[in-house]
Amino acid sequence: DQQVKQNSPSLSVQEGRISILNCDYTNSMFDYFLWYKKYPAEGPTFLISISSIKDKNEDGRFTVFLNKSAKHLSLHIVPSQPGDSAVYFCAASAGPGNTGKLIFGQGTTLQVKP
Amino acid sequence: GAGVSQSPSNKVTEKGKDVELRCDPISGHTALYWYRQSLGQGLEFLIYFQGNSAPDKSGLPSDRFSAERTGGSVSTLTIQRTQQEDSAVYLCASSPGGGYTFGSGTRLTVV
């Protein structure tokens, strides 16, 4: 049972344009969500997070949107840069808050073309 | 060290052999997690240690897998009688109670 799903295995965008990565979840008890970025041969690194009491969190070029009723979140990167090319994982915390184990999606490989 | 250290970085083993993977978490981090990433898959939760509490072993795929955390610090993930489907990158993460830091992983190849 895949509780966190990233249905797009890959995404390709042009440098300077917006990248939108999507994530869906099934467990309404999840209350904290995170995005991680992973380069080859490295561990995932934390990018941005959002609590379920918010619907938007912004950090520089990165914005995460949460739609609780649709059980959907998205990560927007604007403007996209070639260095953003990586695998992006969506995760939900089994909680409470940002504690406990994380349930990860399958990942989306983003390629930003110069 | 400043980060989570995992060793070895790569391990090739023959089917049926036992392997041990090591994780040195960030000093003072009370929580330690093991995940694995199989080819083309997401990160699959394996086991979670939190302080002196009993570990959450709910993600271990079979009884061939076990893990321990000695002295609340270093952790060892042991896979007995390895199978080809165990081939994956095994990732360790530690946390002070919120927010993970991952190691670079151990790439295990069972031939």
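Data block above holds the structure.
Throughout this description, residue numbers start from 1 for each chain and increase along the sequence as written. As a convention, the first chain written is A and the first ligand written is 1, with the rest following in written order. Predicted model: local features are reported for residues with pLDDT of at least 70 only, side-chain atom pairs are reported and counted for 80 or more only, and whole-chain, interface and lining totals are derived from all residues. Based on all heavy atoms of the structure, the side-chain values leave hydrogens and waters out of the count.

Caption draft 1: Region of interest: the interface of chain B and chain A. Taken together, the contact between chain B and chain A spans 18 residues of the former and 15 residues of the latter. Each of two parts loses accessible area, computed with a 1.4 Å probe, when they are put together; buried area is these two losses added. Where chain B abuts chain A, roughly 1300 Å² becomes buried across the two surfaces, and 58% of that area is made up of carbon and sulfur atoms. Counting the surface chain B buries against chain A, the share from its top three residues, Leu 43, Tyr 100 and Phe 102 of chain B, is 36%. A pairing counts as a salt bridge when a side-chain nitrogen of Lys or Arg comes within 4 Å of a carboxyl oxygen of Asp or Glu. At the surface where chain B touches chain A, the tally comes to one salt bridge. Across the pair Asp 56 of chain B and Lys 101 of chain A runs a salt bridge, and its minimum N-O distance is 3.5 Å. Within 3.5 Å is the distance limit for a polar contact, defined as a pair of N or O atoms, with the added protein rule that one can donate a hydrogen and the other accept it, and that residues adjacent in sequence qualify only through two side-chain atoms. Across the chain B-chain A interface, the total number found is four residue pairs in polar contact (both at pLDDT 80 or more). Any two residues whose heavy atoms approach within 4.5 Å at even a single point are treated as in contact.

Caption draft 2: Representation of unusual backbone geometry in the model. Residue Pro 79 of chain A follows Val 78 of chain A across a cis peptide bond; omega there is -10 degrees. Runs of E in the DSSP output that reach at least two residues are strands. Runs of H or I that reach at least four are helices, and both are numbered from the N terminus. Along the polypeptide, Pro 79 of chain A turns up in the loop between β8 (72–77) and β9 (86–93). A cis amide bond, omega -10 degrees, links Ser 7 of chain B with the succeeding residue Pro 8 of chain B. Relative to the helices and strands, Pro 8 of chain B is located in the loop between β1 (5–7) and β2 (10–13). Notably, Ala 41 of chain A is not glycine yet its phi reads approximately 65 degrees, a positive angle. One can find Ala 41 of chain A in the loop between β4 (32–38) and β5 (45–51). Burial classification: accessible surface area is computed with a 1.4 Å probe over protein chains only, and a residue below 20% of its type maximum counts as buried, one above 50% as exposed, and the rest as partly exposed. Taking relative accessible area as the criterion, Ala 41 of chain A reaches 68% and is therefore assigned exposed.

Caption draft 3: Representation of the sheet that holds strand β3 (residues 19–25) of chain A in the model. All names here are of chain A. The sheet built from five strands is open, its strands ordered β1-β3-β8-β7-β6 with antiparallel pairing. Strands at the two margins of the open sheet, each flanked by one partner only, are β1 (4–5) and β6 (56–59). In this structure, strand β7 (residues 62–67) lies alongside β8, joined through six bridges in antiparallel fashion. Directly across from Asn 67, in β8, lies its bridge partner His 72. Here the rule is simple: two strands pair whenever DSSP picks up at least two bridges between them.

Caption draft 4: Spatial organisation of the state of the cysteines. All names here are of chain A. The disulfide criterion used throughout: a pair of cysteine sulfur atoms within 2.5 Å. Summed over all chains, the structure comprises two disulfides over all chains. Covalently, Cys 23 is tied to Cys 90 through a disulfide, its sulfur atoms 2.0 Å apart. One quick way to see it: the torsion about the S-S bond of Cys 23 and Cys 90 is about -70 degrees, and its sign makes the bridge left-handed. Placement of Cys 23 in strand β3 and of Cys 90 in strand β9 is noted, with a sequence separation of 67 residues between them.

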